[in-house]
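# Descriptive analysis of the structure
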Amino acid sequence: MAQAESVALPPRLPLMVMTSNRDGSTNKDARLVNCYLEADESGELWIYKRPGLEAYSLLVPDQPGRGMFYWRKSVYSIFGNTLFKDGVSIYSGLDTTGGVYRFDSNLGATPQLIFGNGIKTYAYTEGGLVVGPLDTVDTDFPTVTVKGFAYLNGYEYVMTPDAYILNSELNSVASATSWNPINFLRAQIEPDDGVALAKQLVYVVALKEWTTEFFYNAENAAGSPLGSVQGMKVNYGCASADSVRTIDDVLFWMSTNRSASKQIISMDKGATEIISTPAIDRLLANADTSVVYSWNLKITGHSFYVITIKNANLTLAYDIVMKKWFQWTDENGDYFPIVDSTYDEAGNHILQHESSGRMFRCDTTLFTDVSSPIVVDIVTPIFDAGTRRRKHLGRMWAIADQVSGSILQARFSDNDYIDWSNWRVFDLSQQEPFLKDCGTFTKRAYHLRHQCNTPFRIQALEVQYDLGTL
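Our subject in this report is the structure included herewith.

### Some points on the overall build of the protein chain
- Of regular secondary structure, the protein chain possesses two helices and 43 strands.
- On the principal axes, the C-alpha backbone points of the protein chain span a range of 90 × 50 × 45 Å.
- Relative to its 470 residues, the protein chain shows a buried fraction of 53%.
- Across the protein chain, contacts joining residues at least 24 apart in sequence account for 58% of those joining residues at least 6 apart.
- With an accessible surface of roughly 20,200 Å², the protein chain has 49% of that area assigned to carbon and sulfur atoms.
- On the protein chain, the mean spot of the 40 positive side-chain charges and the mean spot of the 53 negative ones are 6 Å from each other.

This is the structure we're talking about:
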């Protein structure tokens, strides 16, 4: 009995690419925009559209967003110089010169919410009392602090730009006698200045210009309760206090050191790991990082650390689960204008807009940003099938979900991303969406775009080509 001849199957071009810009711009080379990756039950990877946005609150103060926080079953937000509780104004007159606020809370007979922007710090109790700025209430509180707080074993800690770490009296922040001038120590293993303060596990973490130091509760009878953790100094500092975020007790921030090389770093249980790739480092290298926003989103099994470098017109999202980087944008292709994130009692994910005075609910069941389409862009690496012989591409299929009303645009570049063909269209409502007569090439990159108010999931392009002669 004769054996059946083997049939050469058309190759699939995987689309799960790494951001691979060759320089400090995103105009060339592979990238994934407004999407993320997820593995199915068989382990195969698919590209999903990022979560969309819808209006969360009718609050429209027409003021810049300056931070938000969930505390004791309420969402607190700052717009302009006003503190809101669940969308209702409760205090005006906050400082507006320090950018986005950071929040923390403490315990005691009267639990308090503490918030500051590095210029001024305030405290709030549920009874409606806002106290501050704290340096005017208690002259022992520092006039200027870095951003970030650390609450540990009943003490609230802050740090000054010259790396002094001060603590409140036990479980007290707001009263006029809560800060004692002898309650301090200095992070001084290296002579660099303080940039941000955070907490991880049972440690107070001082992020400085080019180093990071750790402190524990040494229960000292006088002065600061803290003691330095010997042997845990990290030779990476912090390039921007606004880049610091804690996600599931893992710290993320934009780091720098004496070589002035910017990278994104994570710290888990005191161990650091550089999570930015060389391509991401090239985007950061010469970027103006004077205005930085960061926030986090944990949704449908994914955790994202999101950082925006506004003056570089760039927002980058890192999927902690998949360990992959993506670029997220608004509907115009500019940076994603979100400054902070939190959640509410119902578990909704809430994002705060940079300037419109709006809050948004963020969810994977939403396929637009309010009424604007989410523009998913997939740019592939250059494909040449392992040879620079000419190839005729007779047909190409999109391996994507079949969804009514879903359209996928495709175009190509045969000269290293310089010029692009006209758009052609895959109709993803069809069972086998394909394009035919796709031309001849030696090397080619594809650009796919989806901007419909529908779900979108895609795995690959399947191509059928014939090799020409040399």
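### What about the nonpolar core?
- Core analysis: the biggest nonpolar cluster contains 43 residues, and Ile 378, Met 396, Phe 426 and Leu 461 have the highest contact counts within it.
- Beyond its immediate stretch of four places on either side in the chain, Met 396 contacts Phe 426, Pro 433, Phe 434, Leu 435, Cys 438, Tyr 446, Leu 461, Glu 462 and Val 463.

### A look at the sheet that holds strand E6 (residues 65-71)
- Spatially, E6-E7-E8-E9 is the arrangement adopted by the four strands of the open sheet, whose pairing is antiparallel. The open sheet terminates on both sides in strands that have one partner only, identified here as E6 and strand E9 (88-92). Strand-to-strand twist in this sheet, taken as the mean axis angle between neighbours without regard to direction, amounts to 20°.
- Relative to strand E8 (residues 82-85), strand E7 (residues 74-79) is paired through four bridges, and the arrangement is antiparallel. Along E8, the bridge assignment pairs Tyr 76 with Lys 85.

### Details of the side chain of Thr 212
- Along the chain, the position of Thr 212 falls in strand E20 (residues 212-217).
- Once you skip the residues sitting within four places of it in the chain, Thr 212 turns out to touch Val 205, Ala 206, Leu 207, Met 232, Lys 233, Val 234, Tyr 236, Gly 237, Trp 253 and Met 267.

### Some details on helix H2 (residues 278-285)
- Buried within H2 are the following residues: Ala 279, Ile 280, Asp 281, Leu 283 and Leu 284.
- Residues of H2 that are buried in the fold lie against strand E24 (250-256), strand E25 (263-268), strand E28 (302-309), strand E29 (314-319) and strand E30 (324-327).

### With respect to the packing of aromatic side chains
- Inspection of every chain in the model, using the stated rule, returns 26 aromatic pairs.
- Ring geometry for Phe 79 versus Phe 84: centroids 6.0 Å apart, planes at 75°, classification edge-to-face. Of the two residues, Phe 79 and Phe 84, both sit in the buried class.
- Summarising the aromatic geometry, the rings of Tyr 203 and Phe 214 are spaced 6.3 Å apart at their centres and angled 85° between planes, so their arrangement reads as edge-to-face. Placement of the pair is Tyr 203 in strand E19 (residues 203-208) and Phe 214 in strand E20, with a sequence separation of 11 residues.
- Accessibility expressed as a relative area gives 2% for Phe 214, which makes it buried.
- Through a chain of ring-to-ring contacts, the aromatic side chains of Tyr 36, Tyr 48, Trp 295, Phe 304, Trp 328 and Phe 336 assemble into a single cluster.

### Notes on the pairing of strand E3 (residues 35-39)
- Examined bridge by bridge, E3 and strand E4 (residues 45-49) share five bridges and lie antiparallel to one another. By the bridge assignment, Glu 38 is partnered in E4 with Trp 46.
- Taken together, E3 and the strand that follows it, E4, pair antiparallel across an intervening segment of five residues, in which Gly 43 is found at a positive phi of about 90°.

### Points about the sheet that holds strand E17 (residues 179-186)
- Read from one edge of the open sheet, four strands run E14-E15-E16-E17, paired in antiparallel fashion. Every interior strand has two partners, whereas the edge strands, strand E14 (150-152) and E17, have only one. Recorded for the sheet is a direction-independent mean angle of 30° between the axes of neighbouring strands.
- In terms of strand pairing, strand E15 (residues 155-159) meets strand E16 (residues 164-168) through three bridges, oriented antiparallel. Residue pairing for E16: Val 158 is matched across the bridge by Leu 166.

### Brief notes about the side chain of Lys 208
- Along the polypeptide, Lys 208 turns up in strand E19.
- Among the residues examined, Lys 208 registers a relative accessible area of 0% and is labelled buried.
- Looking at Lys 208, its side chain comes within polar contact range of the side chain of Asp 192, at 3.0 Å.
- For Lys 208, the residues in contact, after removing those within four places along its chain, are Ala 163, Ala 187, Gln 188, Ile 189, Glu 190, Asp 192, Asp 193, Gly 194, Val 195, Glu 213, Gly 237 and Cys 238.

### A short note on the pairing of E9
- Bridging between E8 and E9 involves four bridges; their strand directions are antiparallel. Paired with Thr 82 across the two strands is Ser 92, which belongs to E9.
- What sits between E8 and E9 in their antiparallel hairpin is a turn of two residues, with Asp 86 showing a positive phi close to 50°.

### Here we look at the pattern of salt bridges
- This structure, assessed with the given rule, holds 21 salt bridges.
- With a shortest N-O distance of 3.3 Å, Asp 340 and Arg 245 are connected by a salt bridge. Taken together, the residues Asp 340 in strand E31 (residues 338-343) and Arg 245 in strand E23 (residues 245-247) connect sequence positions 95 residues apart.
- Given a relative accessible area of 2%, Asp 340 falls into the buried group.
- A network of salt bridges, in which partner residues are shared, links Arg 22, Asp 29 and Asp 416.

Definitions and cut-offs
Residues numbered from 1 in each chain as written. Predicted model: local features only at pLDDT ≥ 70, side-chain atom pairs only at ≥ 80, totals over all residues. Heavy atoms only, no water. Helix = DSSP H or I, 4+ residues; strand = E, 2+ residues; numbered from the N terminus. Buried < 20%, exposed > 50% of the residue type's maximum accessible area, 1.4 Å probe, protein only. Contact = heavy atoms within 4.5 Å. Areas by Shrake-Rupley, 256 points an atom, 1.4 Å probe, with all protein chains shown as cover. Lys, Arg positive; Asp, Glu negative; His and termini not counted. Charge placed at Lys NZ, Arg CZ, Asp CG, Glu CD. Core = buried A, V, L, I, M, F, W, Y, C linked by side-chain atoms within 4.5 Å. Pairing = 2+ DSSP bridges. Axes fitted to C-alpha atoms, helices over the stretch in contact; angles between N-to-C directions. Phe/Tyr/Trp six-rings, centres within 6.5 Å; stacked < 30°, edge-to-face > 60°. Polar contact = N/O pair within 3.5 Å; in protein donor to acceptor, adjacent residues only side chain to side chain. Salt bridge = Lys/Arg side-chain N within 4 Å of Asp/Glu carboxyl O.

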